[in-house]
Amino acid sequence: MKTAKKKQLQIKGGKVGTVGEFLQLSREESAYIKKKLTLSKNRQRHFASLFCRCVIGALAVCLAGFLTLAVALCTSASAQNPEERILSFKSHITVTPGGTMLVTETIRVRAAGDQIKRGIYRDFPTRYKDRRGNNYVVGFNIKDVKRDNASEDYHTENLSNGVRVYIGKRDYILPPGEYTYTLTYQTDRQLGFFGDHDELYWNVTGNGWIFPIDATAATVVLPEGVPRDKVTLDGYTGPQGAKDKNFVGTVNEDGSISFAATKGFGANEGLTIVVGWPKGFVVEPPLEKKLWYFTHDNVTAITGAAGLIVLLVYYMGTWFFVGRDPEKGTIMPLYEPPDHLSPAAVRFITQMGYDSKAFAATIVNMAVKGFLSISEKAGEYTLEKKAGSKAALSRDEQGVASKLFASGSSIVLKQKNHASIRSAKESLGTSLSSAYEKNYFVKNRRQFIVGLLISIVVLAASFLSARDAGEALFLGIWLTFWSLGVAVLLFVVVRLWKAVFTGWGRAAGRKGAIGATLFMTFFSIPFFGGEVFGLYSLAQASPVLIPVLGGVVFVNVLFYHLLKAPTMLGRKVLDRIEGFKTFLAATEQDRLSRLYPVERTPELFEKYLPYALALDVEQPWTEQFSDVLSRSAVGETGGYHPRWYSGSAWDSSMTGSFAGSIGEALSGAISSSSTAPGSSSGGGGGGSSGGGGGGGGGGGW
């Protein structure tokens, strides 16, 4: 026992230090030691758990204190800066026997300097659409504006559908607090006249307020003598379109009708009332007055429609007397150009005008004759006069040659050479006009100019009759010039994409054409966006002006073409040109090709290619010769290749696209290179909350 005790003390004293000594202990002593060690570990776990709980408790206390402080600060800030709202909205509406209404709105608000800084604003709708879609404009005349029973400054601003009244001084900031605003105004054309009764359908508060409304009430005073028992009332509450019935309505002893909302409204909610009474107490406008109202409300649409009718009558009459084409004759196929006309002359007569493609057809014809060669590299065209050429040029082609090669034997179709290229184009146009215009067709320019003057008067009258006449007139003038630039850009972009899809030559040429086309497309997008913005702005000023403007432009473009008319001699030549075009556009499967076979050779293809370009049938003309040209391309002589052309448009494996490619590309190059840089522009249960007259809304400013 003493030994055990001694060993126990030795253990407590920490004197057992080796594993061997520990193993020599008895089984009882080992159990005793393990128990002591287990108790020690439990104490450690207990202390660790206690420590963690203390830390967590301390953190919880700190967090609770922080939250308490935050709530206190928020509560203090809220007390110092209360929510802005409408505390009460009261409306007093007097209906007169003449059909007008005098309305007094008393609006008590709480301002905190957030939205309500200088005062409040009130929106009042004045422009509506009736059941037939016509404009319906009500009157709005401010009688008095007060703040806390004292006169207050105000100013108005036109909205797209009404008027906004700003109440307050521009240079005065209100201290936080409660204010009572009183707005008195007169309005008319608000009543409904039905078969068996008259009615006021009135949006008291409007559903456009950005503030909640705590209390809402309205009083309606009808003309004297209306029987109380014949008065009907109804109403709606809530957001726009809702049919809630959170109100009470009463017909008072004095005949007035009182409405009161039974709950507050949130932002964009309000009260709409309906009051009906027997006929005979309010004078309904007579028919002539209603017609005057209709004319006044829709004066822009009426002016525009009447102007378009006048313009159409003028153009139709003019076309009937001077613009009708002589009757067509019999079309007989021809296998050569009629009357030895040049390609440019053929196009000039058929189009009854001159363009870049007539010049391009002339260039190709001069090349086919052997007078010049056309080369293209990376989308850039060069015309080079062949030395010692004895090609027989027509008189108009001689004029083009003298202008193009006045300063050398070659010229690049670039803007730096615009003077020479434009001079050559003008020379050809003047030559064609003097030789064929009036003899073969008339343009009736004087009659068209008269139509343009009528159009200007129509547009000016329509724009000046708009509600915002100054803004509408400015937008109309700006859009006119901007649209011309956009039309030019659109024409260029469409032509470039057409050239890309029809001109599949060599890969290098394709890449250059696609790159230029993409650049022009992206360059044009902002200008197209400006057009859309201008039209949108014009629609905001007066939506009806857009169809009027579009109608005037369409009529003038239509009759610009219709007023051109061939003479009797011109009609006969046009019939023969049509016969020649039939031959150029024929396909192998056509009956014409079978009945009138013509030997198709590369020489024939080149000879009439300029005419196919001039008549816009270059693609079917080339397709007629695709087999012939392909066979020549794989022959022993090295294959067919136009001797007058070198560039990416020619590909022996895709001969069908050659004519279309070179025609479009050459026309585009001529058009762009003949323009000086910077000289063209770039550019009863049936209602709901929010229905009826009145309404609008408001906010602070």
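What counts, and at which threshold
Residues numbered from 1 in each chain as written. Predicted model: local features only at pLDDT ≥ 70, side-chain atom pairs only at ≥ 80, totals over all residues. Heavy atoms only, no water. Helix = DSSP H or I, 4+ residues; strand = E, 2+ residues; numbered from the N terminus. Buried < 20%, exposed > 50% of the residue type's maximum accessible area, 1.4 Å probe, protein only. Areas by Shrake-Rupley, 256 points an atom, 1.4 Å probe, with all protein chains shown as cover. Core = buried A, V, L, I, M, F, W, Y, C linked by side-chain atoms within 4.5 Å. Polar contact = N/O pair within 3.5 Å; in protein donor to acceptor, adjacent residues only side chain to side chain. Contact = heavy atoms within 4.5 Å. Phe/Tyr/Trp six-rings, centres within 6.5 Å; stacked < 30°, edge-to-face > 60°. Lys NZ or Arg CZ within 6 Å of the ring centre and 35° of its normal. Axes fitted to C-alpha atoms, helices over the stretch in contact; angles between N-to-C directions. Parallel < 35°, antiparallel > 145°, perpendicular 65-115°, else oblique. Expected span 1.5 Å × (residues − 1). Salt bridge = Lys/Arg side-chain N within 4 Å of Asp/Glu carboxyl O. Patch = residues over 30% accessible without salt bridge, like charges linked within 9 Å, V, L, I, M, F, W, Y side chains within 5 Å. Pairing = 2+ DSSP bridges. Nonpolar A, V, L, I, M, F, W, Y, C, P; charged D, E, K, R; others polar.

Colleague: Quick question: what am I supposed to make of the overall build of the protein here?
Modeller: In terms of regular secondary structure, the protein is built from 19 helices and 26 strands. Burial statistics for the protein: of 701 residues in total, 42% are counted as buried. By element, 60% of the accessible surface of the protein is carried by carbon and sulfur atoms, the whole surface being about 37200 Å².

Colleague: What's the story with the nonpolar core in this structure? I'm lost.
Modeller: The biggest cluster of nonpolar side chains holds 52 residues, and the ones touching the most others in it are Ile374, Leu404, Leu584 and Trp621. The set of elements that each furnish at least two residues to this core consists of helix 6 (343–351), helix 7 (356–368), strand 19 (372–377), strand 20 (380–385), helix 8 (395–404), helix 9 (418–436), helix 14 (568–585) and helix 16 (602–614). Element by element, the count of residues in this core is highest for helix 16, at 7 residues. Core analysis: the second largest hydrophobic core is formed by 47 residues, Val109, Ile213, Phe247 and Ile273 among them.

Colleague: In this structure, what is going on with the side chain of Arg122? I would like to understand it.
Modeller: Within the secondary structure layout, Arg122 lies in strand 3 (residues 119–125). We classify Arg122 as buried; its relative accessible area is 3%. Of the polar contacts made by the side chain of Arg122, one reaches the side chain of Glu105; its length is 2.8 Å.

Colleague: Explain the environment of Asn161 to me, please; I cannot follow it from the model alone.
Modeller: Among the secondary structure elements, Asn161 is positioned in the loop between strand 8 (154–158) and strand 9 (162–168). Sequence spacing of Asn161 and Tyr128 is 33 residues, and the spatial spacing of their C-alpha atoms is 7.3 Å. If we ignore the near neighbours within four places in the chain, the residues touching Asn161 are Pro125, Thr126, Arg127 and Arg467.

Colleague: What exactly am I supposed to notice about the packing of aromatic side chains here?
Modeller: Aromatic rings in a pair are described by how distant their centres are and how their planes are angled relative to each other. Inspection of every chain in the model, using the stated rule, returns 29 aromatic pairs. Between Phe320 and Phe321 the ring centres are 5.4 Å apart and the planes differ by 90°, which places this aromatic pair in the edge-to-face class. Aromatic ring contacts, followed pair by pair, group Tyr335, Phe580, Phe583, Tyr608, Tyr611 and Trp621 into a single cluster. Between Arg189 and the ring centre of Tyr136, over which it is positioned, the NZ or CZ distance is 4.1 Å.

Colleague: I keep staring at the packing of helix 5 (residues 299–323) against helix 10 (residues 445–464) and nothing clicks. Help me out?
Modeller: Any two packed helices are characterised by how steeply their axes cross, that is the angle between the axes, and by the distance between the axes. In the contact formed by helix 5 and helix 10, the axes pass within 9 Å of each other and the chain directions differ by 175°. Looking at the two axes, helix 5 sits roughly antiparallel to helix 10. Every residue of helix 10 that contacts helix 5 at Thr300, Thr303, Gly304, Gly307, Leu308, Val310, Leu311, Tyr314, Tyr315, Thr318 and Val322 is listed here: Gln447, Phe448, Val450, Gly451, Leu452, Ile454, Ser455, Val458, Ala461 and Ser462.

Colleague: In this structure, what is going on with the side chain of Arg571? I would like to understand it.
Modeller: By the secondary structure assignment, Arg571 is in helix 14. Arg571 sits in the buried class, given a relative accessible area of 10%. Here Arg571 is in contact with Pro326, Glu327, Lys328 and Pro566, once residues within four sequence places are set aside.

Colleague: Is there a simple way to think about helix 5 in this case?
Modeller: The α-helix winds at 3.6 residues per turn, so residues separated by three or four positions along the chain end up facing the same way. For helix 5, spanning 25 residues, the distance from its first C-alpha to its last is 33 Å, which sits close to the expected 36 Å at 1.5 Å a residue. Among all positions in helix 5, only Thr300, Gly304, Gly307, Leu308, Leu311, Tyr315, Thr318 and Gly323 are buried. In this structure, the buried side of helix 5 is in contact with helix 10, helix 13 (545–562) and strand 23 (565–566).

Colleague: Is there a simple way to think about the pattern of salt bridges in this case?
Modeller: Scanning all chains against the criterion turns up 23 salt bridges. In this structure, Arg147 and Glu152 form a salt bridge, with 2.8 Å as the shortest nitrogen-oxygen distance. On the basis of relative accessibility, which here comes to 17%, the residue Arg147 falls in the buried class. In this structure Glu152 comes out as buried when scored by relative accessible area, which is 7%. A salt bridge links Asp234 to Lys245; the shortest N-O distance between them is 2.6 Å. Note that Asp234 is positioned in strand 15 (residues 232–238) and Lys245 in the loop between strand 15 and strand 16 (247–251), a separation of 11 residues in sequence. Classification of Lys245 as partly exposed rests on a relative accessible area of 43%. When salt bridges that share partners are traced, they join Arg347, Asp355, Lys357, Asp616 and Glu618 into one network.

Colleague: Help me understand a nonpolar patch on the surface in this model?
Modeller: A contiguous nonpolar surface patch, about 510 Å² in accessible area, is contributed by Leu464, Leu473, Ile477, Phe481 and Leu484. Sort the elements by how many residues they give to the nonpolar patch and helix 11 (residues 469–502) lands first, with 4 residues.

Colleague: I keep staring at the pairing of strand 6 (residues 141–147) and nothing clicks. Help me out?
Modeller: The two faces of the sheet receive side chains in turn, since in a regular strand these alternate between them. The pairing of strand 6 with strand 10 (residues 177–187) spans 6 bridges and is antiparallel. The residue bridging Lys146 from the neighbouring strand is Thr182, located in strand 10. Bridging between strand 6 and strand 7 (residues 150–151) involves 2 bridges; their strand directions are antiparallel. The residue bridging Arg147 from the neighbouring strand is Ala150, located in strand 7. Count of turn residues in the strand 6/strand 7 antiparallel hairpin: 2 residues, of which Asp148 carries a positive phi of about 55°.

Colleague: Looking at this model, I keep getting lost on the packing of helix 7 against helix 8. Mind explaining?
Modeller: Between helix 7 and helix 8, whose axes approach to 11 Å, the crossing angle comes to 90°. Judged by the angle between their axes, helix 7 and helix 8 are roughly perpendicular. Taken together, the residues of helix 8 that come into contact with helix 7 (itself represented by Phe359, Thr362, Ile363, Asn365 and Met366) are Glu397, Val400, Ala401 and Leu404. For the contact of helix 7 with helix 8, the class distribution of residues is 6 nonpolar, 2 polar and 1 charged.

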